[in-house]
Amino acid sequence: MLADIDALKAEIEDAVEAAPDLGRLEQLRVELLGKKGRVTELVKGVSSLPPEERPKAGQAFNQLKRQIEEVLAERRTALADEALHARLLAERIDVTLPARPRAEGRIHPVSQVTDELTAIFADMGFAVAEGPDIENDFHNFTALNFPPEHPARDMHDTFFLEAEENGRPLLLRTHTSTIQVRHMMANKPPYRIIAPGRTYRCDSDATHTPMFHQVEGLVIDRRTHMGHLKGCLIDFVRAYFERDDITARFRPSFFPFTEPSAEMDIGCRRTKEEIVVGEGSDWLEILGCGMVHPNVLRAVGLDPAEWQGFAFGMGIDRIAMLKYGMPDLRPFFEADLAWLRHYGFVPLDLPTTFGGLTR
Ligand code: PHE
């Protein structure tokens, strides 16, 4: 009997080693060391041996029992480790992955600046209005108090189309002031809108392209006056250029659709290479504005004795160039990837007045 003990031990060790999981291992333990287990039976059998064999046999079986407990415990730990390892592998996440895939494209400066100025004017209670690029003479000129055959119509270097409406050629709008007219004719006062959009003039050099962008502003109610115009536009330029110390002046000017009319200049420092806004003692023209002319109000069916207010028009590309330091306007519209990568903005960083216009 004792002679077989080594063979038995080797057999048990193999079985334990081969147990594929904790369930099978527990089954083995019961088979060997349980109440009716093989080894338990051996230990029990010691009492039926001749007395002189008992001490040796008892010692040997107890040792076997301890050794089996040990290999079982070892195998249990090994299986638990394996299970943990498998689980860790299965649940692995790569924490070095960026939270979002890196955006490939860039936001064009014109879109960025449009979003920035929309955020600023939205904070002041302005809504956004739109109108078509293809216009007629009425919305672009007549309703805006350009007299027929007036030289101011030529001033705009209008692109006329071959298509006609009521015997008159259609045209590409030369300014966003058309949207003032459309908005006032389609809605009841008071108004407080901005209208960004594309505009067209037959003109081309480093700072002029045949297509460019403007934003129109219009505020009409019963009491709005020139003081509101100034306050609104000074607040705007300070928010837009992100400097509270920007100085401004309003110079008398002429537009058929405003009276009085003004051009707004902001303080700047001009060197050969650059223009720095908010410093120095030079002035830079930035927009046209004025009190909406009574004839414009009449043209859209409002009584100028009851309604009044201001309008302004500003070049979006121009204020983009000033803020972000682009020297030439033409590459804006050349779809040059190198230029876009350099001057473009990262998508998803939406400009807000509370989170920052630019990050
Ligand atoms: N429409 C004018 C332009 O294109 C700008 C402007 C708009 C001026 C509104 C006064 C009021 O030059």
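Residues numbered from 1 in each chain as written. Predicted model: local features only at pLDDT ≥ 70, side-chain atom pairs only at ≥ 80, totals over all residues. Heavy atoms only, no water.

This part covers helix 11 (residues 316–324). Most of helix 11 is tucked away: seven of the nine residues are buried. If you check which residues of helix 11 are buried, you get Ile316, Asp317, Ile319, Ala320, Met321, Leu322 and Lys323. Remark: glycine 325 follows helix 11 within two positions and exhibits a positive phi of approximately 65°. (Buried < 20%, exposed > 50% of the residue type's maximum accessible area, 1.4 Å probe, protein only. Helix = DSSP H or I, 4+ residues; strand = E, 2+ residues; numbered from the N terminus.)

Our focus in this paragraph is the domain arrangement of the protein chain. The assigned domain composition of the protein chain is domain 1 (2–91) and domain 2 (109–334). In this structure, domain 1 and domain 2 have C-alpha centres spaced 92 Å apart. (Domains from an automatic or database assignment.)

Another point: the environment of alanine 99. By secondary structure assignment, the location of alanine 99 is in the loop between helix 4 (54–90) and helix 5 (109–123). For the pair formed by alanine 99 and aspartate 282, sequence separation is 183 residues and the distance between their alpha carbons is 46 Å.

This structure, assessed with the given rule, holds 20 salt bridges. Linking glutamate 279 and arginine 243 is a salt bridge whose minimum nitrogen-to-oxygen distance equals 3.2 Å. Placement of glutamate 279 in the loop between strand 9 (275–277) and strand 10 (282–292) and of arginine 243 in the loop between helix 9 (226–241) and strand 7 (248–255) is noted, with a sequence separation of 36 residues between them. According to the relative accessible area criterion, glutamate 279 is partly exposed, its value standing at 30%. For arginine 243, a relative accessible area of 25% translates into the label partly exposed. Arginine 251 serves as the salt-bridge partner of aspartate 265, at 2.8 Å between the closest nitrogen and oxygen. Of this pair, aspartate 265 sits in strand 8 (residues 258–270) while arginine 251 sits in strand 7; the two residues are 14 residues apart in sequence, bridging distant segments of the chain. Since its relative accessible area comes to 26%, arginine 251 is described here as partly exposed. (Salt bridge = Lys/Arg side-chain N within 4 Å of Asp/Glu carboxyl O.)

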